[in-house]
Amino acid sequence: MLRAVVRAFGDPRQVIGLEELERAAPGPGEVEIRIRRAAINPSDLIPVTGAYRSRTTLPFVPGFEGVGEIARLGEGVDSLALGRRVLPIGASGLWQDYLVRPAERCFAVPDDLSDDQAAMAYVNPLTAFRLVDAAQAHFGSARGQPIGVTAAASAIGKMLLVLLAEAGFQPVALVRSAATAARLKQSFSGEIIAQSTPPLDAVLDAVGGEPGNALFRHIHAGGAFIQYGALSGLQLDPMLVAERREDVAFSFLWLRNWVHSAPRAEIEDAFARSFAGIRAGILGSAVDSVFALSDLAAALARHDDPARDGKLILAP
């Protein structure tokens, strides 16, 4: 089988290699999954750079999100059948032809979703749910509070704009350029702000670094700043968070923490909500291109292309 592997931190286009190795047999309670589709997300590439090296062990196979079918069953597994499509969650490793994962970390995919849809039903939708839940928990109830969404034109940004409005908040789309703002206006009728740091009640931040620092300084007293990504490669200034704005609640949302602590039934409910949102057309993501795993170098080059219009999918 073929797999992508990272043996040193650095530029993903330089340090992610391809290797051939023998397939591993599933042990008791495990299943072997033939990966059909795997998404390329920022959450896959940022750990490769070493941004989270304190919690990333080398070597590792990237890929947190994708869909596959059960190829072999380990001893004692009777909850899944051969050929069943599943979403394996809870750890990276999906950028390879076959993956061995505990059966309890695999969730069935409805037959009416395509492989491409299923491959993007996990990271963005479930993260978006958790972020909106965190905003509701902070404010108690939604009363039209203006909440900024950074990287608002991204796939998860667009999801958050919809979900925040449905929850009763006033989503404010924060983008980096007038051109991005113009594109976003085609699908979002709310407030869009480019290259500015307006005062807000809360921010859901995927960027971090100095742009995040500037937004944090302008949050109203009693507000909240929830960081869930670091597209800039940097976290917020810890001194700013700890000492200068004690009147603003700061938290970092990492989906993996919730996935490893939530009851299985709660995760199943979240997936059911994700699948429903994809069917309704509000939680799906556009696909730019599908690449064979052997063409990973071309996929990573396309990921950095400013002309890219949607998600990239690997098809091992």
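Just so it is clear, the structure is predicted and the values come from calculations on it, not from any experiment.

Caption draft 1: Representation of the environment of Ser 114. On the secondary structure map, Ser 114 appears in the loop between strand E7 (106-108) and helix H3 (115-119). For Ser 114, a relative accessible area of 34% corresponds to the partly exposed category. In this structure the C-alpha to C-alpha distance between Ser 114 and Val 67, which are 47 residues apart in sequence, comes to 9.9 Å.

Caption draft 2: Up close: the domain arrangement of the protein. Partitioning the protein into domains gives domain 1 (2-120 + 285-314) and domain 2 (131-255). Relative placement of domain 1 and domain 2: their C-alpha centres are 29 Å apart. Summed over both partners, the interface of domain 1 with domain 2 buries about 550 Å², with 66% contributed by carbon and sulfur atoms. The three residues of domain 1 that bury the most area against domain 2 are Ile 46, Tyr 52 and Arg 55, which together make up 61% of that side's buried surface. At the surface where domain 1 touches domain 2, the tally comes to zero salt bridges. Linking domain 1 with domain 2 are zero residue pairs in polar contact (both at pLDDT 80 or more).

Caption draft 3: Here's a closer look at the packing of helix H4 (residues 123-139) against helix H5 (residues 155-167). At their nearest, the axes of H4 and H5 sit 9 Å apart, and the two run at 40° to each other. With respect to each other, H4 and H5 are oriented oblique. For the element pair H4 and H5, the recorded crossing hand is right-handed. Contacts from Asn 124, Pro 125, Thr 127, Ala 128, Phe 129, Leu 131, Val 132 and Gln 136 of H4 reach H5 at Ala 155, Ile 156, Met 159, Leu 160, Leu 163, Leu 164 and Ala 167.

Caption draft 4: Spotlight on helix H11 (residues 296-303). Those residues of H11 that fall on the buried side of the exposure criterion are Leu 296, Ala 299, Leu 300 and His 303. The arc enclosing the buried residues of H11, seen along the axis, measures out at 95°, which places them on a common side.

Caption draft 5: Main features of the sheet that holds strand E13 (residues 249-252). The sheet built from six strands is open, its strands ordered E10-E9-E8-E11-E12-E13 with parallel pairing. Each end of this open sheet is capped by a strand with a single partner; those strands are strand E10 (191-194) and E13. Strand-to-strand twist of the sheet, defined as the mean angle between neighbouring strand axes without regard to direction, takes the value 20°. The pairing of strand E12 (residues 219-227) with E13 spans four bridges and is parallel. Residue pairing across strands places Ile 226 opposite Ser 251, the latter belonging to E13. Sitting on the sheet, H4 touches strand E8 (146-150), strand E11 (200-205), E12 and E13, and the angle it makes with E12 is about 155°. Of the strands in this sheet, E8, strand E9 (170-175), E11, E12 and E13 are in contact with helix H7 (residues 209-217), which crosses E12 at around 155°.

Caption draft 6: Representation of the packing of aromatic side chains. Inspection of the entire model under this criterion finds seven aromatic pairs. Of the aromatic side chains, those joined through ring pairs into one cluster are Phe 107, Tyr 122, Phe 271 and Phe 275. Directly above the aromatic system of Trp 254 lies the positively charged group of Arg 55, at a separation of 4.0 Å from the ring centroid. Directly above the aromatic system of Phe 107 lies the positively charged group of Arg 264, at a separation of 4.0 Å from the ring centroid.

Calculation criteria
- Residues numbered from 1 in each chain as written.
- Predicted model: local features only at pLDDT ≥ 70, side-chain atom pairs only at ≥ 80, totals over all residues.
- Heavy atoms only, no water.
- Helix = DSSP H or I, 4+ residues; strand = E, 2+ residues; numbered from the N terminus.
- Buried < 20%, exposed > 50% of the residue type's maximum accessible area, 1.4 Å probe, protein only.
- Domains from an automatic or database assignment.
- Buried area = accessible area lost by both parts, 1.4 Å probe.
- Salt bridge = Lys/Arg side-chain N within 4 Å of Asp/Glu carboxyl O.
- Polar contact = N/O pair within 3.5 Å; in protein donor to acceptor, adjacent residues only side chain to side chain.
- Axes fitted to C-alpha atoms, helices over the stretch in contact; angles between N-to-C directions.
- Parallel < 35°, antiparallel > 145°, perpendicular 65-115°, else oblique.
- Left-handed = near helix turned anticlockwise from the far one by under 90°.
- Contact = heavy atoms within 4.5 Å.
- Arc of directions from axis to C-beta.
- Pairing = 2+ DSSP bridges.
- Phe/Tyr/Trp six-rings, centres within 6.5 Å; stacked < 30°, edge-to-face > 60°.
- Lys NZ or Arg CZ within 6 Å of the ring centre and 35° of its normal.

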